[in-house]
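A closer look at the structure
This is what each chain is made of:
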Amino acid sequence: MENKKRLLTGLKPTGDLTLGNYIGAIMQMVKRQEEFDSYLFVADLHAITIHQPPEELRRRIKEFIALYIACGIDPKKNTIYLQSDNEFIPSISWLLECSTYYGEASRMIQFKEKSKQNANFTLGLLTYPVLMAADILYVDSDYVPVGIDQKQHVELARDIAERFNKMYGETFKLPEPLITESGVKIKDLKDPSKKMSKSEENPNGVICLLDTKEQITKKIMSATTDSEMQVKYDPENKPGISNLINICISLTNDTIQQVEEKFVGKNYGEFKKYVAELVCDRIGKIQERYEELINSKELEDILNEGAAKTKQLAKDKYEAMRQKMGLVR
Ligand code: TYM
């Protein structure tokens, strides 16, 4: 473990985990788990920057953890934890807030967009990236795999770390974003011009990891395609079919060409049926493991272990920061 580079990432429980999260993020973490000392957490403190019904949050937190593991995140190779279990993270965040300029935080694109959507936005929406910096910096992460939308936040974390180091002495490692482009981006089945998102309002375009086989099949069979009759990869002109091909190649070892060849002269119905079977098969296996885990002691143990380990790391970092800043008796 010791000489491996460290990698950390989190997902907000603001909607149910989707096939898009699985292919775009979780499968990528699974692939990297041999090479890196990996930390994966549920960013529940980030979720509440926009109001979440407590019942939903309670349900999703456990679901997310059980699904991470059911998807192949190995608890022996990853540190898996719940952000709010670690009370030192918000404490670190406060110390970092005092090394962050209002101008910097208010220039973040996500803040600008989200604060426009609702005039009554919370202060947490503004300080969100500083909490994210605390997540990243207390672990001394080398890399932070995120989508392009979070790149700016990781860069801010790096700027804050650099400033803190200059002001108080070497304290933090400077993290680098690892933009997850290796994983294909799965699109909404109803509107393939946008990504499949856990916060999407129309559930028919989104496959959730806990959907039933009937729901999955129905959603795939009614996916938006085009008026041609050719299974061909052409994201610009045939975004619906290309999205389904992307799902196929992500879940098998087939290449785009092999998928195209399999369906020469066949209609879209046959192709969709094939995709639905592939997805049902994979999600079915994930759900079997999920059922074993969701109410198990194993899951509790994993969370307790993750909490204990990351609390110690965060406490050590917090104490080091206090010392350096003069916050001592
Ligand atoms: P969340 O749950 O919103 O997103 C989880 C991951 O999915 C990526 N993603 C996208 N990628 C490309 N295009 C998009 N439109 C898109 N939407 C979402 C996100 O980049 C992310 O990688 N703030 C984080 C959670 C977090 C975190 C952290 C991540 C909290 N602390 C520390 C890394 C390190 C977030 O937005 O999650």
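Residues numbered from 1 in each chain as written. Predicted model: local features only at pLDDT ≥ 70, side-chain atom pairs only at ≥ 80, totals over all residues. Heavy atoms only, no water.

**Describing the pairing of strand S4 (residues 143-146)**
Rules: Pairing between strands is defined by DSSP: at least two bridges between them are needed. Only DSSP runs of H or I reaching four residues or more are called helices, and only runs of E reaching two or more are called strands; each is numbered from the N terminus. Seen with its strands pointing away from the viewer, a crossover is right-handed if its path from the first strand over the helix to the second goes clockwise.
Where S4 meets strand S5 (residues 176-179), four bridges bridge the pair, whose relative direction is parallel. Paired with tyrosine 143 across the two strands is glutamate 176, which belongs to S5. In this fold, the crossover linking S4 to S5 by way of helix H8 (residues 151-168) has right-handed handedness.

**Examining the domain arrangement of the chain**
Quite often, the size of an interface is put as the accessible area lost when its parts meet. How we decide: Note that the domain bounds reflect an automated or database-derived domain assignment. For this analysis, residues touch if any pair of their heavy atoms sits within 4.5 Å. Any Lys or Arg side-chain nitrogen located within 4 Å of an Asp or Glu carboxyl oxygen qualifies as a salt bridge. Contacts described as polar in this section are N or O atom pairs within 3.5 Å, which, within protein, must combine one atom able to donate a hydrogen with one able to accept it, while residues neighboring in sequence count only if both atoms come from side chains. Each residue receives one of three labels: charged for Asp, Glu, Lys and Arg, nonpolar for Ala, Val, Leu, Ile, Met, Phe, Trp, Tyr, Cys and Pro, and polar for the others, Gly being one of them.
Taken as a whole, the chain is organised into domain 1 (6-184 + 296-325) and domain 2 (203-290). If you average the C-alpha positions of domain 1 and of domain 2, the two centres end up 32 Å apart. On the side of domain 2, 15 residues touch domain 1, which itself brings 15 residues to the contact. The interface formed by domain 1 and domain 2 holds one salt bridge in total. With a shortest N-O distance of 3.2 Å, arginine 289 and glutamate 298 are connected by a salt bridge. Along the contact surface separating domain 1 from domain 2 lie four residue pairs in polar contact (both at pLDDT 80 or more). Where the side of domain 1 that touches domain 2 is concerned, the elements lending two or more residues are helix H1 (19-32) and helix H3 (54-70). Here the element with the most residues in the side of domain 1 that touches domain 2 is H3; it accounts for five residues. Each residue belonging to the side of domain 1 that touches domain 2 can be placed in one class, and the counts come to eleven nonpolar, one polar and three charged.

**A short note on the pattern of salt bridges**
Let me state the cut-off plainly: Under the scheme applied here, a residue whose accessible area is under 20% of the maximum for its type counts as buried, over 50% as exposed, and between as partly exposed, the area being computed with a 1.4 Å probe on protein chains only.
All told, the structure shown has 24 salt bridges when counted by the stated rule. Between glutamate 155 and lysine 151 there is a salt bridge whose closest N-O contact spans 3.3 Å. On the criterion of helical spacing, the pair formed by glutamate 155 and lysine 151 is a turn pair, its members being four residues apart in helix H8. Overall, the relative accessible area of 31% leaves lysine 151 in the partly exposed class.

**Here we look at the environment of leucine 96**
As for its placement among the helices and strands, leucine 96 is situated in helix H4 (residues 88-97). Note on leucine 96: relative accessible area 0%, which makes it buried. Residues leucine 96 and aspartate 188, spaced 92 residues apart in sequence, show a C-alpha to C-alpha distance of 37 Å. In contact with leucine 96, other than residues within four places in its own chain, are Val130, Ala133, Ala134, Leu137, Ile160, Phe164, Phe172 and Met321.

**Concerning the packing of H1 against helix H12 (residues 268-294)**
Test applied: Convention adopted: a line fitted to C-alpha atoms gives each axis, helices being fitted over their contacting stretch, and angles between N-to-C directions are expressed from 0 to 180 degrees. Working definition: roughly parallel below 35 degrees, roughly antiparallel above 145 degrees, roughly perpendicular at 65 to 115 degrees, and oblique for all remaining angles.
The geometry of H1 relative to H12 is characterised by a closest axis approach of 12 Å and an angle of 70° between their N-to-C directions. Overall, the two elements H1 and H12 adopt an arrangement that is roughly perpendicular. Contacts from Leu19, Tyr22 and Met27 of H1 reach H12 at Val279, Arg282, Ile283 and Ile286. When the residues that make up the contact of H1 with H12 are grouped by side-chain class, the tally is six nonpolar, no polar and one charged.

**Points about the environment of leucine 313**
By the element assignment, leucine 313 lies in helix H13 (residues 297-325). Linking leucine 313 and leucine 178, residues 135 residues apart in sequence, is a C-alpha distance of 23 Å. If we ignore the near neighbours within four places in the chain, the residues touching leucine 313 are Arg6, Tyr39 and Tyr138.

**Observations concerning the nonpolar core**
A general tendency of soluble globular proteins is for nonpolar side chains to be buried together. Which entries qualify depends on this criterion: Nine residue types can take part in a nonpolar core, namely buried Ala, Val, Leu, Ile, Met, Phe, Trp, Tyr and Cys, and a core is a set of them joined through side-chain atoms within 4.5 Å.
Counting 60 residues, the largest nonpolar core has Tyr22, Tyr68, Phe271 and Val279 as the members making the most contacts within it. Here this core takes twelve residues from H12, the largest share from any one element. A domain split of this core shows at least three residues from each of domain 1 (6-184 + 296-325) and domain 2 (203-290). Excluding anything up to four places from it in sequence, phenylalanine 271 contacts Val231, Ile241, Leu244, Ile245, Cys248, Val259 and Phe263.

**Remarks on the state of the cysteines**
Working definition of a disulfide: a covalent bond connecting the sulfur atoms of two cysteines. Just so we agree on the cut-off: Disulfides are defined in this document as cysteine sulfur pairs within 2.5 Å.
In this structure the tally under the stated criterion is zero disulfides. Residue cysteine 208 stays outside any disulfide, its sulfur separated by 12 Å from that of cysteine 71, the closest cysteine. Given the relative accessible area of 16%, cysteine 208 is considered buried.

**Brief notes about unusual backbone geometry**
One non-glycine residue, aspartate 140, adopts positive backbone phi at about 55°. If you trace the backbone, aspartate 140 turns up in the loop between helix H7 (123-138) and S4. Overall, aspartate 140 belongs to the partly exposed group, its relative accessible area being 23%.

**Re the environment of tyrosine 233**
With respect to the secondary-structure elements, tyrosine 233 resides in the loop between helix H9 (213-221) and helix H10 (239-251). Assessed through its relative accessible area of 26%, tyrosine 233 is described here as partly exposed. Apart from the residues lying within four places of it in its own chain, the contact partners of tyrosine 233 are Ser242, Ile245, Asn246, Ile256 and Glu260. Among the polar contacts made by the side chain of tyrosine 233, one reaches the side chain of asparagine 246 at a distance of 3.4 Å.

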